[in-house]
Amino acid sequence: MTAPLLAVRGLTKYFGGLSANEDVSFAVDRGEIVGLIGPNGAGKTTLFNCLAGFYAPTAGTIEFDGETFAALSPERAARMGIARTFQIVRTFASMTARDNVMVGAMIRNKRVADARALAMETLSFVGLASRAAATAGTMTVAEQRRLEIARALATGPKLLLLDEVMAGLNPTEVREAVNLVLRIRDRDIACVIVEHVMEAIMPIAHRIVVLDAGRKIADGPPDVIARDPAVLAAYLGD
Ligand SMILES: Nc1ncnc2c1ncn2[C@@H]1O[C@H](COP(=O)(O)OP(=O)(O)OP(=O)(O)O)[C@@H](O)[C@H]1O
Ligand SMILES: [Mg+2]
């Protein structure tokens, strides 16, 4: 058996007296799609912030690609191959789509011409080639979410953390986003997807991890999770 790409062990994050993540352990294999779900305030975004190096965990370890850390920095996480999108889009509004993606591409390409070529290729992969020269701030929500995915992909990740990239999208756009996730997986990039749009995540996830009030309450195949009494109770109580 080969080691998983990511193994989170006992991850705990306190904000003052509030535990946003409490003793969370789970693993993600290479190329796997894992859904991370749970009611509002369950700790999903906090977990992403710990994995992407934005927050230092209070306790626990993060093992990624064979190395174990108590905490990461955003730069370290990006270099190791962990990329993320933000729940509230953080594109550089006054920059073009191409330049936004170049910010990601520069992590592994020091030559501007190489970064520019990779940015164009990545924009085309997410279906935004025709919008390369558009200013990010003028793009639709759906386009900006794809732009953030492109910026993350351009860093050359092994693991992509997607935080509610389908929120606010219409049914056609949700279908497109699902297709994009499947094409990302085809590139052998593992995805952890935080999503409230269950119809979108349940059919494509290999496994679902459920958080409630900071703790992991379930972890398993989508069909089992959908019938799990603890999961149903957490959602009904929400
Ligand atoms: N920077 C912070 N400082 C203090 N408390 C925080 C901070 N970030 C998150 N929290 C708290 O941690 C808990 C978990 O929040 P988090 O944003 O991780 O939840 P979530 O599962 O992503 O929720 P949602 O589905 O609403 O996005 C909440 O109680 C939240 O108020
Ligand atoms: Mg969140």
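Below, the structure is looked at part by part. (Residues numbered from 1 in each chain as written. Chains lettered and ligands numbered in written order. Predicted model: local features only at pLDDT ≥ 70, side-chain atom pairs only at ≥ 80, totals over all residues. Heavy atoms only, no water.)

**What to know about the coordination of the magnesium ion (ligand 2)**
Now for step 1: Surrounding the magnesium ion (ligand 2) are the protein donor atoms Thr45 (OG1) and Gln87 (OE1), which sit 2.0 to 2.2 Å from the metal. Placement of Thr45 in helix α1 (residues 44-51) and of Gln87 in the loop between β6 (82-84) and α3 (97-105) is noted, with a sequence separation of 42 residues between them. (Donors = N, O, S within 2.8 Å, 3.2 Å for Na, K, Ca; no water. Helix = DSSP H or I, 4+ residues; strand = E, 2+ residues; numbered from the N terminus.)

**Description of the site of ligand 1**
Now for step 1: What surrounds ligand 1 is a group of 15 residues, the closest being Gly41, Lys44, Thr45, Thr46 and Gln87.
Now for step 2: Note that an oxygen atom of ligand 1 is positioned 2.8 Å from one of the backbone N or O atoms of Gly41.
Now for step 3: In the model, an oxygen atom of ligand 1 is placed 2.8 Å from a nitrogen or oxygen of the Lys44 side chain.
Now for step 4: In isolation ligand 1 has 640 Å² of accessible area, and contact with the protein removes 64% of it.
Now for step 5: Taken together, the elements giving at least two residues each to the shell around ligand 1 come down to β2 (18-28) and α1.
Now for step 6: Per-element accounting of the shell around ligand 1 gives the leading share, 3 residues, to α1.
Now for step 7: Per-class residue counts for the shell around ligand 1 are 6 nonpolar, 7 polar and 2 charged. (Near = heavy atom within 4 Å. Polar contact = N/O pair within 3.5 Å; in protein donor to acceptor, adjacent residues only side chain to side chain. Areas by Shrake-Rupley, 256 points an atom, 1.4 Å probe, with all protein chains shown as cover. Nonpolar A, V, L, I, M, F, W, Y, C, P; charged D, E, K, R; others polar.)

**Things to note about the nonpolar core**
Now for step 1: Formed by 47 residues in total, the largest nonpolar core has its most connected members in Leu160, Met166 and Ile184.
Now for step 2: If we ignore the near neighbours within four places in the chain, the residues touching Met166 are Val174, Ala177, Val178, Val181, Glu195, Val197 and Ala200.
Now for step 3: Among the nonpolar cores identified, the runner-up in size contains 29 residues, and Phe26, Phe64, Ala77 and Leu159 belong to it. (Core = buried A, V, L, I, M, F, W, Y, C linked by side-chain atoms within 4.5 Å. Buried < 20%, exposed > 50% of the residue type's maximum accessible area, 1.4 Å probe, protein only. Contact = heavy atoms within 4.5 Å.)

**Let's talk about the pairing of strand β8 (residues 190-194)**
Now for step 1: In terms of burial, β8 is largely enclosed, as 5 of its 5 residues are buried.
Now for step 2: Taking every second residue as pointing to the same face, both faces of β8 are buried, with Ala190, Val192 and Val194 on one and Cys191 and Ile193 on the other.
Now for step 3: Across 4 bridges, the pairing between strand β3 (residues 33-37) and β8 is parallel. Note on β8: the bridge partner recorded for Ile33 is Cys191.
Now for step 4: Relative to β8, strand β7 (residues 159-163) is paired through 5 bridges, and the arrangement is parallel. Considered in β8, the bridge of Leu161 is made with Val192. (Pairing = 2+ DSSP bridges.)

**With respect to the pairing of strand β1 (residues 6-15)**
Now for step 1: Burial of β1 is extensive: 7 of the 10 residues sit out of reach of the surface.
Now for step 2: In this structure, β1 lies alongside β2, joined through 7 bridges in antiparallel fashion. Residue pairing across strands places Lys13 opposite Asn21, the latter belonging to β2.
Now for step 3: Count of turn residues in the β1/β2 antiparallel hairpin: 2 residues, of which Gly16 carries a positive phi of about 60°.

**So, unusual backbone geometry**
Now for step 1: Even without being a glycine, Asp188 presents a positive backbone phi close to 70°.
Now for step 2: Structurally, Asp188 is set in the loop between α6 (171-186) and β8.
Now for step 3: Even without a glycine there, the phi angle at Ala213 is positive, about 50°.
Now for step 4: Residue placement: Ala213 occurs in the loop between β9 (207-212) and β10 (215-220).
Now for step 5: For Ala213, a relative accessible area of 56% corresponds to the exposed category.

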